[in-house]
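Reading the structure
Letter by letter, the chains look like this.
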Amino acid sequence: MNPSMTADLAELDVSDLSLWKDGPPHEVFRELRNQDLHFSALGDFPRETGFWSVVTYEDIAAVGRDHETFSSERSILVVDSLAAEPGDPDPLDISAHMLITQDPPRHDRLKALVQHAFTPKTSLDHADRIREIINLVYDKALEEHPDGRIDLVRDVGFFVPSMVIGDMLGVPREDAEQLVDWTNRTSAFEDPRLVPDLAELWRAFEEFFPYVDNMLREREKNPTDDLTTAFIEAEVDGERLSHQEVLMFFFLLMVAGNDSTRAVFTSGMKSLMDDPEQMELVRSGAVPLEQVVEEFVRYHPAFAYMRRTATRDVELSGAEVKAGDKLALWYVSGNRDEKAFDNPDYFDVRRDPNPHQGFGGGGRHFCLGAGLARLELKLWIEETLKRFDSFEPDGECERLSSTFLNQWYSMPVKLG
Ligand code: HEM
């Protein structure tokens, strides 16, 4: 870190997008881990209050586990509103009904209703379909690009996770592209290439919800063996999910299952391409794929942070956090904390144990889809390396512009 940056740290806005143009600002986080809790103004959102940055492994785990002091209600983002103008419809009024934005006891009731569908064992039931989807997506990409020069994000990454979760939810495969478009337009709110203005977020909701609503009504009349029907029929203590709750589950799973797994897969593959020794360790089978997946998720957590809100005044790492203050739990920093990992900036598939925070720092909101994601990533790496003897970079990659979604916008590769 250069000296002027150190001097400016107090004034720094960690959410300033210019810091993120080449990916998470790891140098900044390294500095922040060695000082009292840092507060940033939210420069790009002048109507909003700022936020504290929780950056050490230990603090992230402590905050994540204390849901009474650090609430998940309202928003997982550091903003409280994504309305285009004050008084306009606000997408966060809707997403405030998701599982991830609830506190116990309501959170626990909702999670219990769906947890059984996402155990590692249940995920295994989908292994054959996942392999089939991966190969279908590569078939299509190669049909469109017979020379093997594809964009790993846009031709492959977009489709595998959305078809996997779509299949589980009972969405026809031909609708995958449409769902990818909706989920991109509801989550990439900092990237003008996907969301030219905030009103676009609301337009995407307006298209997405009638689609899901139709599907729910159809399943209510004609139940099938898909997850959507299971949500409609799920019961805990005699209670069922409301129509609105099922709808929000559907939305959360599409977004959480989509953005995340493609981000980790594409970024992890890039790390392998950038380091032939690591690629060889994976190709040769010297390291179990389960272990490779953990390093993918540690080194490239799909969500840079999740937000909490303090429910009472509390002291944390030298700061007086007040009731109502926002805190960003920076998983991108916890996963590089030198107190938790040896040589944390080195991508090493041999790392074991690897107690990373890529699926959250523990606590009630720990990723519901971790079992599915781990399996999906393992099969995706396996099928990819089995199918292609060579897998190489083929031009400049571009980052998605975001402080929340840690992912690439475009990644040209040559398959052979
Ligand atoms: C590699 C892929 C994935 C990563 C890195 C990831 C990461 C995360 C993280 C960081 C959280 C928040 C944890 C917290 O706040 O404590 C989360 C929550 C969640 N994830 Fe994932 N996720 C992935 C894949 C998936 C998949 C495939 C699904 C489902 C289809 C999914 C569904 C969810 C849900 C529903 C929650 C909310 C859980 C709750 O609030 O209790 N995720 N995930």
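Residues numbered from 1 in each chain as written. Predicted model: local features only at pLDDT ≥ 70, side-chain atom pairs only at ≥ 80, totals over all residues.

**Overview of the site of the ligand**
Taken together, 30 residues surround the ligand, and among them Gly257, Ser260, Gly360, Cys367 and Gly369 come closest. Elements with a minimum of two residues in the shell around the ligand: helix 13 (243-274) and helix 17 (370-387). Examining the composition of the shell around the ligand, we find that seven residues originate from one element, helix 13, more than from any other. Within the shell around the ligand, the residues separate by chemical class into 19 nonpolar, nine polar and two charged. (Near = placed C-beta within 6 Å. Helix = DSSP H or I, 4+ residues; strand = E, 2+ residues; numbered from the N terminus. Nonpolar A, V, L, I, M, F, W, Y, C, P; charged D, E, K, R; others polar.)

**Quick look at the packing of helix 15 (residues 289-299) against helix 17**
One way to put it is that helix 15 packs onto helix 17 with a least axis distance of 9 Å and a crossing angle of 110°. What the angle tells us is that helix 15 and helix 17 run roughly perpendicular. Packed against helix 15, whose contacting residues are Leu289, Glu290, Val292, Val293 and Phe296, the element helix 17 presents Arg374, Leu377, Lys378, Ile381 and Glu382 at the interface. Class assignment for the residues of the contact of helix 15 with helix 17 results in six nonpolar, no polar and four charged. (Axes fitted to C-alpha atoms, helices over the stretch in contact; angles between N-to-C directions. Parallel < 35°, antiparallel > 145°, perpendicular 65-115°, else oblique. Contact = placed C-beta atoms within 7 Å.)

**Some details on the packing of helix 10 (residues 176-187) against helix 13**
It is the contact of helix 10 with helix 13, at a shortest axis distance of 10 Å, that shows an interaxial angle of 90°. What the angle tells us is that helix 10 and helix 13 run roughly perpendicular. Facing Leu179, Val180, Thr183, Thr186 and Ser187 of helix 10, the residues of helix 13 in contact are Met254, Val255, Asn258 and Asp259. The residue inventory of the contact of helix 10 with helix 13, partitioned by class, reads four nonpolar, four polar and one charged.

**So, the nonpolar core**
Val54, Val160, Phe250, Tyr305, Leu327, Leu329 and Trp330 are the most contacted members of the largest nonpolar core, which has 110 residues in total. With 15 residues, helix 13 is the single largest residue contributor to this core. If near-sequence neighbours (up to four positions away) are discounted, Tyr305 is found in contact with Ala328, Leu329, Trp330, Tyr331 and Phe404. (Core = buried A, V, L, I, M, F, W, Y, C linked by C-beta atoms within 7 Å. Buried ≥ 20, exposed ≤ 12 C-beta atoms within 10 Å, placed from the backbone.)

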